[in-house]
Amino acid sequence: MKIALVHYAYPPVIGGVEFVMEQQAALFVRRGHSVKIVAGRAENNVDGISVDEISELFPTHPRNECSQSEIASNGPAPAYEQLKAYLKDRLCKALADCQLIIVHNMMTMHFNLAATSALAELAQEGTGTKRFVNWIHDIAAIDDNYDLKGMLGRGPWKLLAGYPQCFQHVAISRKRQQQYGDLTGIDDLHCQVIPNGVRYIRLLKLTEKVRGLCRQYGVLYRDIVMLQPTRILRRKNIELGIRVLAELKRAGHNAIYLVTGAPDAHNPVTREYGHELRELACELGVEDEFHFVSEAFEVSDEDLVSIYNASDVVFLPSHQEGFGLPLLEAGVFRIPVFCARIEPMCSIVENNINLFDLDDTPQEVASRLANALYDDPGYRARKEVIKHYSWERLFDERIKPLFLE
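Every value quoted in this text rests on a predicted model; they were computed, and no experiment measured them. Per chain, residue numbering runs from 1 following the sequence as it is written. Only residues with pLDDT of 70 or above have their local features reported here, since the model is predicted, and side-chain atom pairs are shown and tallied only from 80 upward, although totals for entire chains, interfaces and linings are computed over all residues. As a convention, hydrogens and water are excluded, and side-chain values are obtained from all of the structure's heavy atoms.

Asks: How would you summarise the overall build of the protein chain if you had to cite specific residues and measurements?
Replies: The helix and strand labels rest on DSSP assignments: H or I over at least four residues marks a helix, E over at least two residues marks a strand, and numbering proceeds from the N terminus. For the protein chain, the helix and strand inventory stands at 15 helices and 13 strands. Note on method: radius of gyration uses C-alpha positions; expected globular size equals 2.2 Å times residues raised to 0.38. By the compact-globule yardstick of 22 Å for 405 residues, the protein chain is too spread out, its C-alpha radius of gyration being 28 Å. Projected onto its principal axes, the C-alpha coordinates of the protein chain cover approximately 85 × 40 × 35 Å. Partly exposed residues are those whose accessible area sits between 20% and 50% of the maximum for their type, while under 20% is buried and over 50% is exposed, using a 1.4 Å probe and protein chains only. The burial tally for the protein chain puts 51% of its 405 residues in the buried class. In what follows, residue pairs with any heavy atoms lying within 4.5 Å of each other are defined as contacts. Taking as baseline every contact in the protein chain between residues at least 6 positions apart, the subset at least 24 positions apart corresponds to 68%. Each accessible area is a Shrake-Rupley estimate made with a 1.4 Å probe; only the visible protein chains count as cover when residues are assessed. Carbon and sulfur atoms make up 49% of the accessible area of the protein chain, which amounts to about 18700 Å² in all. For the purpose of charge, His is not counted, nor are the chain termini; Lys and Arg are scored as positive and Asp and Glu as negative. Lys charges are placed at NZ, Arg charges at CZ, Asp charges at CG and Glu charges at CD. Put simply, the protein chain has 44 plus and 54 minus side-chain charges, and the middle of one group is 4 Å from the middle of the other.

Shown next, in the form of structure tokens:
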């Protein structure tokens, strides 16, 4: 499907709506659609996204400033009528090859009412061949900063007080949905809520290799991501981590256990230990949740930073250590540590460290680990955002069912 995103502007112009449009455009392309940006100012260098720049859509264009001045004075408005006719023709041509047209904020804001009117007419005339969406970020009619109440009963200003026909309507929050319903009389069933999303993978600055790992194993959607940044040595006691992982799974937690190292193919000792660990994972039913990262790719410093960013807890069950550098690294990344109560590990860092005894049962360690995470508001906020506000989830659960099926 070809999808048009229409607004006054698009990046590199800076603005909240522009930023959301950029995120949506990339999302739609990732999901196999082509996108056209129709805006007064816009640039793009992303495959699958084209730009049709109509400069008269930009609020400060001289033709629009003249048009807006005319309709504000309530007198004859030839400049407004001419601009509306021109924009209707240009928009009609720009949108001719698009099946879904998402209009961001232009049907509820007053910055270019010639464009608002042109879009309203095009939606009525295109019924049955195109789907128009009124995506509501802001509502000028109820915003005291604009003081439009005395103007909403006349001319094109009336469009701002009633919902445009032949559009589907989306509000970015329950609050905006309520405000729009109070203003226009539209009911909630005809104005869905689809919140703004976040591209958490970009925010986490994951490398391409770690992105691939996260997508392959659904890492960021897991309840608990355990990380052991270590080489494959018996003293690292990785088997305890596998047993804790199995207990987490048995308790209903969707967990994954990432060990950065990999068995050395040229070292029979680590190769044998790696084989034993895989056998144990299979025996306990967690072979799909236990992974040696370095088997997928050689972990660079940048990759290691990304893996820390993708993890929820650093798990260090070693029998013995000379120092314990991962405790320092975890502190820098503000990640809690579950660590065996051995020296020098239990005297390096005091904060955000959870100690357990090596003779504690895996069930006891798993229970303490899960409870510690679920009691952490930072952890809960991260999982809430990824679960409810990732663009991928919003696409699958809200956008696709409404517009693309």
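Here the narrative resumes, following the displayed structure.
Asks: Which residues make up the packing of aromatic side chains, and what are the values?
Replies: Aromatic rings from Phe, Tyr and Trp, taking only the six-membered ring of Trp, are treated as a pair when their centres fall within 6.5 Å; an angle between ring planes under 30 degrees marks them as stacked, one over 60 as edge-to-face, and anything in between as tilted. This model, assessed by the stated rule, comprises 12 aromatic pairs. Ring centres 6.3 Å apart and planes at 90° place the aromatic pair Tyr-257 and Phe-315 in the edge-to-face group. In this pair, Tyr-257 sits in strand β9 (residues 255-259) while Phe-315 sits in strand β11 (residues 313-316), placing the two residues 58 residues apart along the sequence. Grouping residues by exposure puts Tyr-257 and Phe-315 together as buried. Each ring, one from Tyr-308 and one from Phe-333, has its centre 4.9 Å from the other, and the planes form 5°; the classification is stacked. With Tyr-308 in helix α11 (residues 301-310) and Phe-333 in the loop between α12 (325-332) and β12 (337-340), the pair connects residues that are 25 residues apart, well separated along the chain. Owing to a relative accessible area of 27%, Phe-333 belongs among the partly exposed residues under this scheme. An aromatic cluster of at least three residues, connected via ring pairs, comprises Tyr-257, Phe-290, Phe-292, Phe-315 and Phe-356. Here the basic side chain of Arg-63 rests over the ring of Tyr-86, its NZ or CZ set 4.9 Å away from the ring centre. Consider the ring centre and the ring normal. A charge sits over the ring if Lys NZ or Arg CZ is within 6 Å of that centre and within 35 degrees of that normal.

Asks: Please provide a residue-by-residue account of the sheet that holds strand β13 (residues 353-356), values included.
Replies: When DSSP finds at least two bridges between two strands, those strands are taken to pair. The strand order across the open sheet built from six strands is β10-β9-β8-β11-β12-β13, with neighbouring strands paired in parallel fashion. Looking at strand neighbours, the two that pair on one side only are β10 (290-292) and β13, the edges of this open sheet. Averaged over all adjacent pairs, the angle separating strand axes in this sheet is 25°, with direction ignored. Sheet topology places β12 next to β13; four bridges connect them, and they run parallel. Within the sheet, the bridge partner assigned to Cys-339 lies in β13 and is Leu-355. Of the strands in this sheet, β8 (224-228), β9, β10, β11 and β13 are in contact with helix α8 (residues 238-250), which crosses β9 at around 165°. Simply put, an axis is a line fit to the C-alpha atoms, just over the touching stretch for a helix, and the angle between two N-to-C directions goes from 0 to 180 degrees.

Asks: So what's going on with the nonpolar core? Which residues, and what values?
Replies: What is meant by a nonpolar core is a set of buried Ala, Val, Leu, Ile, Met, Phe, Trp, Tyr and Cys residues, joined one to another through side-chain atoms within 4.5 Å. In terms of nonpolar packing, the biggest core is built from 61 residues, with Leu-220, Ile-224, Leu-248, Tyr-257, Phe-290 and Phe-315 touching the most fellow members. Among the elements that make up this core, the one with the highest residue count is α8 (seven residues). Contact partners of Leu-220, with chain neighbours within four places excluded, come to Tyr-200, Ile-201, Leu-204, Leu-206, Cys-214, Ala-310, Arg-382, Lys-383 and Ile-386. The next biggest cluster of nonpolar side chains, apart from the first, holds 43 residues, and it includes Leu-91, Met-107, Leu-122 and Leu-152.

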